[in-house]
Amino acid sequence: MKLTGAITQQCVVLAKSVLEVNVADQVREYAYTRHILPARDAQRKNVTINSGEMHKALRLSSQVSRVCNALLARKFETVYKVRLVSTSGPIQGAAATFTFEI
């Protein structure tokens, strides 16, 4: 069965949005388990996460902006009960750091 151009395009858009959600959820879960939880266990008040280090640890390719967006998302703050208190570096780059109050 051959798909029409419009249907094919819709499938591609849907696949891209599913990929973005999966990467974002993966980033948030990794940040929580590898950064937030250990910091809470150590009774720290803040934790700083570097987007480039996280990108490398997750073995992503050319998706630093997705890492940054996942950490900047309100969903991250709400689900994991953290509050973004500061950022430094280029906000969509590998040198971006995000400091959260935990």
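Computed from a predicted structure; not experimentally measured. Residue positions are given per chain, counting from 1 as you read along its sequence in written order. The model is predicted, so local features are restricted to residues of pLDDT at least 70 and side-chain atom pairs to those at 80 or more, both for listing and for counting; the totals for chains, interfaces and linings are taken over all residues. Only heavy atoms go into the side-chain values, all of them from the structure, while hydrogens and water stay out.

Draft legend 1. Quick peek at the confidence of the model for the chain. What pLDDT reports is the predictor's confidence in each residue, on a scale of 0 through 100. Of all residues in the chain, 79% have pLDDT values of 70 or greater, and the mean over the chain is 88. In this model, residues 11-15 is a region of pLDDT below 50 whose contacts with residues beyond four sequence positions or in other chains number zero contacts. Only heavy atoms matter for contacts: two residues are in contact if any of them lie within 4.5 Å across the pair.

Draft legend 2. Fine view of the packing of aromatic side chains. Under the pairing criterion, centres of Phe, Tyr and Trp rings, with the six-membered ring standing for Trp, must be within 6.5 Å; the plane angle then separates stacked pairs below 30 degrees from edge-to-face pairs above 60, leaving the rest tilted. Across all of its chains, the model carries three aromatic pairs by this definition. Relative to Tyr80, the ring of Tyr32 lies with its centre 4.4 Å away and its plane at 25°, an arrangement referred to as stacked. A residue pair is termed long-range when its members are at least 10 positions apart, and Tyr32 in helix α1 (residues 5-41) and Tyr80 in helix α4 (residues 74-80) qualify at 48 residues. On the numbers, 5.5 Å between centres and 55° between planes, the contact of Phe76 with Tyr80 is tilted. Of the two residues, Phe76 and Tyr80 both sit in helix α4, four residues apart, roughly one turn of that helix. Think of it this way: any DSSP run of H or I at least four residues long counts as a helix, any run of E at least two long counts as a strand, and we number them from the N terminus.

Draft legend 3. Seen up close, helix α3 (residues 64-72). Burial classes: relative accessible area under 20% of the type maximum marks a residue as buried, over 50% as exposed, and values in between as partly exposed (1.4 Å probe, protein chains only). Taken together, the buried positions of α3 are occupied by Val64, Val67, Cys68, Ala70 and Leu71. Angularly, the buried residues of α3 cover 160° about the axis, an arc narrow enough to put them on a single face. This arc is taken over the directions from the axis of the helix to the C-beta atoms.

Draft legend 4. Broad picture of the pattern of salt bridges. The term salt bridge refers to a pairing of a side-chain nitrogen on Lys or Arg with a carboxyl oxygen on Asp or Glu at a separation within 4 Å. One pass over the structure, following the stated rule, counts four salt bridges. Of the charged contacts, one joins Lys75 and Asp25 as a salt bridge, the two residues approaching to 3.4 Å between their closest N and O atoms. Taken together, the positions of Lys75 in helix α4 and Asp25 in helix α1 put the pair 50 residues apart, joining distant regions of the chain. Taking the relative accessible area as the measure of exposure, Lys75 reaches 43% and is therefore partly exposed.

Draft legend 5. Broad picture of the nonpolar core. Nonpolar core, defined: a set of buried Ala, Val, Leu, Ile, Met, Phe, Trp, Tyr and Cys residues in which side-chain atoms within 4.5 Å join the residues together. Val27, Met54, Leu71, Phe76 and Phe100 are the most contacted members of the largest nonpolar core, which has 22 residues in total. Those elements that provide at least two residues to this core are α1, β1 (46-50), α3, α4 and β3 (97-101). The dominant element in this core, judged by the number of residues it contributes, is α1, at six residues. In this structure, Phe76 is in contact with Arg28, Ala31, Ile36, Ala70, Leu71, Lys81, Val82 and Phe100, ignoring residues within four places of it in sequence.

Draft legend 6. Representation of the sheet that holds β3 within the structure. When DSSP finds two or more bridges between a pair of strands, those strands are recorded as paired. If you trace the three strands from one edge of the open sheet to the other, you get β1-β3-β2, paired in antiparallel fashion. Edge positions in the sheet fall to β1 and β2 (83-88), since each of these pairs with one other strand and no more. In this sheet, neighbouring strand axes are inclined to one another by 25° on average, regardless of whether the strands run parallel or antiparallel. Inspection of the sheet shows β1 paired to β3 by five bridges, in the antiparallel sense. Each bridged residue has a counterpart across the sheet, and for Ile49 the counterpart in β3 is Phe98. Of the strands in this sheet, β1, β2 and β3 are in contact with α3, which crosses β3 at around 20°. Geometry is summarised by axes, namely lines fitted to C-alpha atoms with helices restricted to the contacting stretch, and by angles between N-to-C directions that run from 0 to 180 degrees.

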